[in-house]
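Structure assessment
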Amino acid sequence: MAVVAALREELLSEEDSALETCLDRLRDVVRNARDCDEKKYRRLRCSNAAFHSAIGRWPAAVQVLVAVGFEEKMHASKGGDQEPYLMLAERLADDVAEAALRALDGHSTGMAAVVPPTSPPTLPLTVAPAADLSVGEAK
């Protein structure tokens, strides 16, 4: 999966813990999108500090989610203002999830045959305030 290789390259200059945290959270998102029926597991609010710290601040990590089927959308939650989300309409297909998990685990066979290439994210994905991102952020 080229986007996972790009993610590893993007995080090469960071501490190993940043890469491992990002990969762990991506695995969690993929598993939840495959296994859970509730929509909340397929809606990622880009302004969420935890999401931004672990995944959203890395364009290549966002691309991994887009590659498996998440779409960038503006969404209003609980009557609030519209804000950027990454959303998946249906549960993630088993074959796509397994290919993504193999790629995230470092196996060379992965998503190329399952998921078409994607374009870069277009929504403003780095909307969390800087004060919320101080832990582990590169200076």
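Attention here is on the structure that accompanies the text. Since this is a predicted model, take the numbers as computed values, not measurements. (Residues numbered from 1 in each chain as written. Predicted model: local features only at pLDDT ≥ 70, side-chain atom pairs only at ≥ 80, totals over all residues. Heavy atoms only, no water.)

**So, the pattern of salt bridges**
For the structure on display, the rule yields seven salt bridges. Arginine 34 is the partner of aspartate 35 in a salt bridge, and the nearest nitrogen-oxygen pair spans 2.7 Å. Assessed through its relative accessible area of 12%, arginine 34 is described here as buried. Arginine 34 is the salt-bridge partner of glutamate 98, the closest N and O atoms lying 2.3 Å from each other. With a gap of 64 residues between them, glutamate 98 in helix α5 (residues 94–104) and arginine 34 in helix α2 (residues 16–35) connect regions that are remote in the sequence. In the salt-bridge network here, residues are joined through shared partners; they are Asp24, Arg27 and Asp105. (Salt bridge = Lys/Arg side-chain N within 4 Å of Asp/Glu carboxyl O. Buried < 20%, exposed > 50% of the residue type's maximum accessible area, 1.4 Å probe, protein only. Helix = DSSP H or I, 4+ residues; strand = E, 2+ residues; numbered from the N terminus.)

**Some details on the nonpolar core**
Within the largest apolar cluster, 36 residues are counted, with the highest numbers of intra-cluster contacts made by Leu7, Leu26, Ile55, Leu65, Phe70, Leu86 and Leu92. Those elements that place two or more of their residues in this core are α1 (2–10), α2, α3 (49–56), α4 (59–68) and α5. Ignoring anything within four residues of it in the chain, the contact list for leucine 86 reads Arg42, Arg43, Leu44, Cys46, Phe51, Val62, Leu65, Val66, Phe70, Glu71 and Glu72. (Core = buried A, V, L, I, M, F, W, Y, C linked by side-chain atoms within 4.5 Å. Contact = heavy atoms within 4.5 Å.)

**Thoughts on the sheet that holds strand β2 (residues 71–76)**
Taken together, the three strands give an open sheet; going across it, the order is β1-β3-β2, and neighbouring strands pair in antiparallel fashion. Of all the strands in the sheet, the pair left with one neighbour each is β1 (43–45) and β2. Neighbouring strand axes in the sheet, compared pairwise and without regard to direction, differ in orientation by 40° on average. (Pairing = 2+ DSSP bridges. Axes fitted to C-alpha atoms, helices over the stretch in contact; angles between N-to-C directions.)

**Observations concerning the packing of α1 against α4**
Between α1 and α4, the least distance of the axes is 8 Å, while the angle of their chain directions is 165°. With respect to α4, the element α1 is oriented roughly antiparallel. Both α1 and α4 take part in a crossing whose hand is left-handed. On α4, the residues touching Val3, Val4, Ala6, Leu7 and Glu10 of α1 are Pro59, Ala60, Ala61, Gln63, Val64 and Ala67. (Parallel < 35°, antiparallel > 145°, perpendicular 65-115°, else oblique. Left-handed = near helix turned anticlockwise from the far one by under 90°.)

**Let's talk about the environment of valine 66**
Examined against the element boundaries, valine 66 turns out to sit in helix α4. Judged by its relative accessible area of 14%, valine 66 is buried. Taking C-alpha positions, valine 66 is 9.2 Å from leucine 88, a pair spaced 22 residues apart along the chain.

**Structural notes on the pairing of strand β3 (residues 82–87)**
Inspection of the sheet shows β1 paired to β3 by three bridges, in the antiparallel sense. Residue arginine 45 lies in a different strand from β3, and its bridge partner there is tyrosine 85. Examined bridge by bridge, β2 and β3 share six bridges and lie antiparallel to one another. By the bridge assignment for β3, glutamate 71 is matched with methionine 87.

**A closer look at the packing of α2 against α4**
Their axes nearest at 11 Å, the elements α2 and α4 cross at an angle of 20°. Classified by the angle between their axes, α2 and α4 sit roughly parallel to one another. The way α2 lies across α4 gives a crossing that is right-handed. Taken together, the residues of α4 that come into contact with α2 (itself represented by Cys22, Leu26 and Val29) are Ala61, Val64 and Leu65. Here the contact of α2 with α4 is composed, by residue class, of six nonpolar, no polar and no charged. (Nonpolar A, V, L, I, M, F, W, Y, C, P; charged D, E, K, R; others polar.)

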